[in-house]
Amino acid sequence: MQVKALKLQDVDYGDQWAEEIEDRWEYDDFRADSGWRKGWISMDSVYYHADDDRVYLGITSFNADIFRAYDRKSGAFVDLGYGRIADPFDAKFHRSLVKWEEDGCLYGAIALLHDIDRYWEAPGGAIVKYDPNSGALEKVGIPMPHMYIQSICLDQARGVIYGITFTPERMFRFNLADGRSDDLGPISSGMEMAQGENVELDDAGCVWCGWSVTRAWQNFSGVDRNRLCKFNPETDRIEYFDAGLPKPDGSYGYERVEGIFNLGEGRIFASGANGSIYRIDTETGMGTYLGTPVADRRSRLTTLQPGPDGAAYGVTGRDGACEVIRFDADTERYELLGPVSDGDADCWQVHDVAVTPDGTIYAGENDSPYRSGYLWEIRI
């Protein structure tokens with residue numbers, strides 16, 4: 001396996017985070033510090049576009065510089081001109097890059113970094129349209145004013161983007177033909193963040209994400225508070241399941257969902273509980289525990305993407321000890337293929353991956369507290 005760290009920005013902050021920043025700095029502190037505002041980035045969305053052989057990147061940035069591409073032919077990063085339409089509160093594309101086949105354009109959605117004290121100042125997360133052929137870039141609508149968007153998925157046939165906002169947490173629908181938006185309802189009451197890293201469409205056109213129970217009369221919402229729900233376009237309602245991801249040790253309760261993956265043929269899988277993998281029953285919302293690839297240390301598994309060999313690939317692990325994982329949806333078995341390291345550089349954790357037709361994996365590294373995140377190129 002060949003692994004290469006592709007560095008859009010190579011800024012190292014050393015131990016400054018632990019010593020001066022963690023649990024102390026707020027949004028305005030990072031914005032006021034030019035070293036962090038201009039130097040630190042995180043790779044949150046990764047989308048491979050075969051027509052131009054580019055990997056499009058949604059980036060976290062305190063400087064509102066959130067959209068780039070990596071051109072595989074030239075081996076260089078490309079500035080897509082997001083500064084032309086940027087608002088200072090535009091913080092990232094967080095698992096929010098999709099392509100609508102009808103018009104050939106990419107669509108992103110803007111997420112936040114600021115707190116609720118800036119709610120009325122910040123306009124809200126826009127749907128951003130990018131034409132890879134012309135380079136045209138525009139904001140086509142703000143589905144929920146003053147709210148920002150953590151993740152989206154796209155129903156190709158209906159021409160509809162579904163998304164989840166934060167804060168508060170609500171599900172919405174955005175019609176690409178006319179820009180109409182619909183508030184589909186809440187997925188939490190604000191006791192904690194209920195959603196995982198993405199929202200996913202199943203083969204029947206239903207939209208899946210996490211939701212959480214409140215139990216406002218108690219001090220704790222319970223070990224079974226994290227559950228799954230789906231929006232059904234046929235009934236035009238969110239179905240809140242009393243079901244979710246079982247505890248790996250068999251004890252009572254559910255784990256919070258981290259990622260949801262549609263791996264074809266009606267099969268939906270999910271991750272949670274330290275990167276554990278589950279099969280989801282799309283009728284009941286109940287997960288079946290399949291295993292925990294990395295069980296002896298902190299881990300995560302935010303995405304699995306199909307590769308040209310029929311298997312799905314991702315990166316699990318965290319805290320600078322990450323490994324490539326291969327998952328076979330037919331047998332429901334997985335294997336670890338090796339560490340994500342390049343010389344002295346170790347991948348901190350991965351938020352999204354894309355797999356090209358030649359089997360190359362591009363993994364977006366996010367939220368490293370010590371340096372800017374890299375785009376990792378992995379050749380099996």
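Look up: the structure comes first, before these words.
Notes on the structure in this doc start here.

Cut-offs and rules
Residues take numbers from 1 onward in each chain, read along the sequence in its written order. For a predicted model such as this one, the threshold for reporting local features is a pLDDT of at least 70, and the threshold for listing and counting side-chain atom pairs is 80 or more; totals across whole chains, interfaces and linings nevertheless cover every residue. Neither water nor hydrogens contribute to the side-chain values; these are computed over all heavy atoms in the structure. Secondary structure follows DSSP: runs of H or I at least 4 residues long count as helices, runs of E at least 2 residues long count as strands, and numbering of each begins at the N terminus. The contact rule is simple, with two residues in contact once any of their heavy atoms fall within 4.5 Å. Here the Shrake-Rupley method, with its probe set to 1.4 Å, supplies the accessible areas, and only the displayed protein chains count as covering residues. His is not counted, nor are the chain ends, whereas Lys and Arg count as positive and Asp and Glu as negative. Taken as the charge centre is NZ of Lys, CZ of Arg, CG of Asp or CD of Glu, depending on the residue. The term salt bridge refers to a side-chain nitrogen of Lys or Arg lying within 4 Å of a carboxyl oxygen of Asp or Glu. Each residue is placed in one exposure class: buried if its accessible area under a 1.4 Å probe, protein chains only, is under 20% of its type's maximum, exposed if it is over 50%, and partly exposed if it falls in between. Strands are treated as partners if at least two bridges between them are detected by DSSP. To qualify as a nonpolar core, a set must consist of buried Ala, Val, Leu, Ile, Met, Phe, Trp, Tyr and Cys residues joined through side-chain atoms within 4.5 Å. Helix axes are fitted to C-alpha atoms over the stretch in contact, other axes to C-alpha atoms as well, and angles between N-to-C directions run from 0 to 180 degrees. Patch criteria: residues need more than 30% relative accessible area and no salt bridge. Like-charged residues are merged within 9 Å; nonpolar side chains of Val, Leu, Ile, Met, Phe, Trp and Tyr are merged within 5 Å.

In terms of helices and strands, the chain carries 3 helices and 32 strands. Expressed as lengths along the three principal axes of its C-alpha atoms, the size of the chain is roughly 45 × 45 × 45 Å. Long-range contacts, defined as pairs at least 24 residues apart, comprise 51% of the intrachain contacts of the chain with a sequence gap of at least 6. As displayed, the chain offers around 15,600 Å² of accessible surface, 44% of which is attributable to carbon and sulfur atoms. Each charge class in the chain was averaged separately, 38 positive and 65 negative side chains, and the resulting centres sit 1 Å apart.

The next subject is the pattern of salt bridges. Within the structure shown, the criterion is met by 35 salt bridges. A salt bridge links Arg170 to Asp183; the shortest N-O distance between them is 2.9 Å. Highlighted residues: Arg170 in strand 12 (residues 170-175) and Asp183 in strand 13 (residues 181-186), separated in sequence by 13 residues. Note on Asp183: relative accessible area 42%, which makes it partly exposed.

This part covers the sheet that holds strand 24 (residues 305-306). The antiparallel open sheet is built from 4 strands, whose spatial order is 24-25-26-27. Where the open sheet ends on each side, the last strands, each with one partner, are strand 24 and strand 27 (333-339).

All right, on to the nonpolar core then. Of all hydrophobic cores here, the largest spans 26 residues; its most connected members are Tyr56, Phe67, Tyr82, Phe93 and Ile110. Once you skip the residues sitting within four places of it in the chain, Phe93 turns out to touch Asp44, Ser45, Gly58, Ile59, Ile66, Phe67, Tyr82, Gly108, Ala109, Ile110 and Val128. Among the nonpolar cores identified, the runner-up in size contains 18 residues, and Ala311, Val324, Cys347 and Val350 belong to it.

Here the focus is the sheet that holds strand 13. Spatially, the 4 strands line up as an open sheet ordered 10-11-12-13, and their pairing is antiparallel. Both edges of this open sheet fall to strand 10 (148-155) and strand 13, since each of them pairs with a single strand only. Going from strand to strand, the sheet's axes swing by 25° on average, the running direction of each strand aside. Pairing geometry for strand 12 and strand 13, over 5 bridges, is antiparallel. When the sheet's bridge partners are listed, Phe174 is paired in strand 13 with Ser181.

In this structure, Ile149 sits in strand 10. Judged by relative accessible area, Ile149 falls into the buried class, the value being 1%. Sequence separation of Ile149 and Arg279 is 130 residues, and the distance between their C-alpha atoms is 26 Å. Other than its neighbours up to four places away in sequence, Ile149 contacts Ser96, Ala109, Ile110, Ala111, Gly125, Ala126, Ile127, Pro143, Ile164, Thr165 and Phe172.

The next thing to look at is a negative patch on the surface. On the surface, Asp12, Asp15, Glu19 and Glu20 cluster together into a patch of negative charge. Tracing the backbone shows Glu20 in helix 1 (residues 16-21). Judged by its relative accessible area of 43%, Glu20 falls in the partly exposed class.

Going from Phe166 to Thr167, the amide bond is cis rather than trans, its omega being -15°. By the element assignment, Thr167 lies in the loop between strand 11 (160-166) and strand 12. Cis geometry marks the peptide bond from Thr167 to Pro168; its omega dihedral reads -10°. Considering the arrangement of structural elements, one finds Pro168 in the loop between strand 11 and strand 12. Although it is not a glycine, Asp23 sits at a positive phi angle of roughly 65°. Tracing the sequence through the fold places Asp23 in the loop between helix 1 and helix 2 (27-32). Asp23 gets classed as exposed once you look at its relative accessible area, which sits at 79%. The backbone phi angle of Glu332 is positive, close to 60°, even though this residue is not glycine. Note on placement: Glu332 falls in the loop between strand 26 (321-328) and strand 27. By relative accessible area, Glu332 is classed as partly exposed at 22%.

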